[in-house]
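Overview (structure and organization)
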Amino acid sequence: MATKRGKGKLSQIAVQITGKGPDAYKDVDWKALSDEEARNLEKKNSLAWKVLSNTQTQTLQDLTVEELEIKLAEIMELPRPDIELSQASLLDYYVSGFWWAKEQGFNVQQLSGFFTLLHTLLENIKEHKMPLADNLTEYKKLLAGVGTEDNEVNGGLDFFDIKQAKLITDFLQMTLFQHHKMYEFLFHHERKEEIVGVELVVETLPAADVPHPPPLEEGLEEAIYLCHLATPPSSPTPEMDGNEEEKKGDTEGEGVTGAEDEEKASGDPVDLLAEVTAEDVKTVFSQVSKELFAGLQTDVQRKLKERESEIISRINKIHRIADT
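Conventions and cut-offs
Residues numbered from 1 in each chain as written. Predicted model: local features only at pLDDT ≥ 70, side-chain atom pairs only at ≥ 80, totals over all residues. Heavy atoms only, no water. Helix = DSSP H or I, 4+ residues; strand = E, 2+ residues; numbered from the N terminus. Buried < 20%, exposed > 50% of the residue type's maximum accessible area, 1.4 Å probe, protein only. Contact = heavy atoms within 4.5 Å. Salt bridge = Lys/Arg side-chain N within 4 Å of Asp/Glu carboxyl O. Core = buried A, V, L, I, M, F, W, Y, C linked by side-chain atoms within 4.5 Å. Phe/Tyr/Trp six-rings, centres within 6.5 Å; stacked < 30°, edge-to-face > 60°. Patch = residues over 30% accessible without salt bridge, like charges linked within 9 Å, V, L, I, M, F, W, Y side chains within 5 Å. Areas by Shrake-Rupley, 256 points an atom, 1.4 Å probe, with all protein chains shown as cover. Lys, Arg positive; Asp, Glu negative; His and termini not counted. Charge placed at Lys NZ, Arg CZ, Asp CG, Glu CD.

Concerning the side chain of Thr116
Position of Thr116 relative to the elements: it lies in helix H5 (residues 108-126). Given a relative accessible area of 3%, Thr116 falls into the buried group. Thr116 has contacts with Leu47, Lys50 and Val51, leaving out every residue within four places of it along the chain.

Some points on the pattern of salt bridges
With the rule as written, the count across this model stands at eight salt bridges. Linking Arg302 and Asp299 is a salt bridge whose minimum nitrogen-to-oxygen distance equals 2.5 Å. With Arg302 and Asp299 both in helix H11 (residues 278-323) and three residues apart, this pair spans about one turn of that helix. Given a relative accessible area of 26%, Asp299 falls into the partly exposed group. Its salt-bridge partner being Glu306, residue Arg302 comes within 3.1 Å of it at the nearest N-O pair. Of this pair, Arg302 and Glu306 both sit in helix H11, four residues apart, which is roughly one turn of that helix.

Considering the nonpolar core
The biggest cluster of nonpolar side chains holds 52 residues, and the ones touching the most others in it are Trp30, Phe114, Leu117, Ile168 and Leu172. Going through the elements one at a time, helix H1 (35-41), helix H3 (65-75), helix H4 (85-103), H5, helix H6 (132-142), helix H7 (162-175) and helix H8 (180-188) are the ones with two or more residues in this core. Counting residues per element, this core draws most heavily on H5, at nine residues.

Overview of the packing of aromatic side chains
On inspection of all chains with the given rule, the structure shows 15 aromatic pairs. Centre to centre, the rings of Tyr93 and Tyr183 are 6.1 Å apart; their planes meet at 75 degrees, and the pair counts as edge-to-face. Taken as a pair, Tyr93 in helix H4 and Tyr183 in helix H8 lie far apart in primary sequence, 90 residues in all. Exposure class is identical for Tyr93 and Tyr183. Each is buried.

A word on a negative patch on the surface
Among the surface-exposed residues, Glu66, Glu67, Glu69 and Asp92 lie close enough to one another that they form a single negatively charged patch. Counting residues per element, the negative patch draws most heavily on H3, at three residues. Counting through the fold element by element, Asp92 comes out in helix H4. The exposed category is assigned to Asp92, whose relative accessible area is 55%.

Below, the structure written as structure tokens:
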């Protein structure tokens, strides 16, 4: 039973809790209490408000799963769950456990006590290296006093009833105790560090030398290129009208006719090579061959000299070896 004193807002709260289970706290308005007042209301050894305060638990109740994950990572000081496997596992278990308790309809006090229970059992594995049997024994001690009328026996969870205690036990059996060895391995075995690298090959453009194009960073916008660098198009040829085309055709026809008349007047077709002698042909071929093969002859002579020097040096080396 809870009684309140004070005018206006609650300034002092005098509470006397009688009985056990959720009904013992049914008259308490947790939203009206500060964190200190909520702690003072609890019985000795109570697990409520040990990890999550009254204000924090009420705030977490109204969050979505994504927001709950971010907030719990901040409260539980898990800064790197995205790259640290142990932190990710802890955060995942805290989020799933809190959300499960919220779906069961637990009140603020019960949510905080249940979260403390999860934290205690995980710390037994992580910090105290408890095996499964010892951890189960610790859990049984925490359940002491649930469903009984003996006020002297209190393991810290007496604000739960028998039905809720069975639900909690089933949840812990499926999520923690069944995978106890896995959590032991997670917290106490070093894992091989693997460094994953990616090799990137970046090909760069060659220098702006022919025949390679200039690098892309030296490129210009099309408008600037067309305005200042591109060769202007050639002026279009003016079109001729019909009379000019006829005159041009007549002129070309007269020229052809005149050439034919000259050829007929001479009696023989024009032969451009008629006056070229054999000596002239030999002279031309001699000059062309000298120009073509002069560089080749020089190159061959140079290579022959290099080969000759190489052979002589080998022979001298063989003689020196023979003399020794």
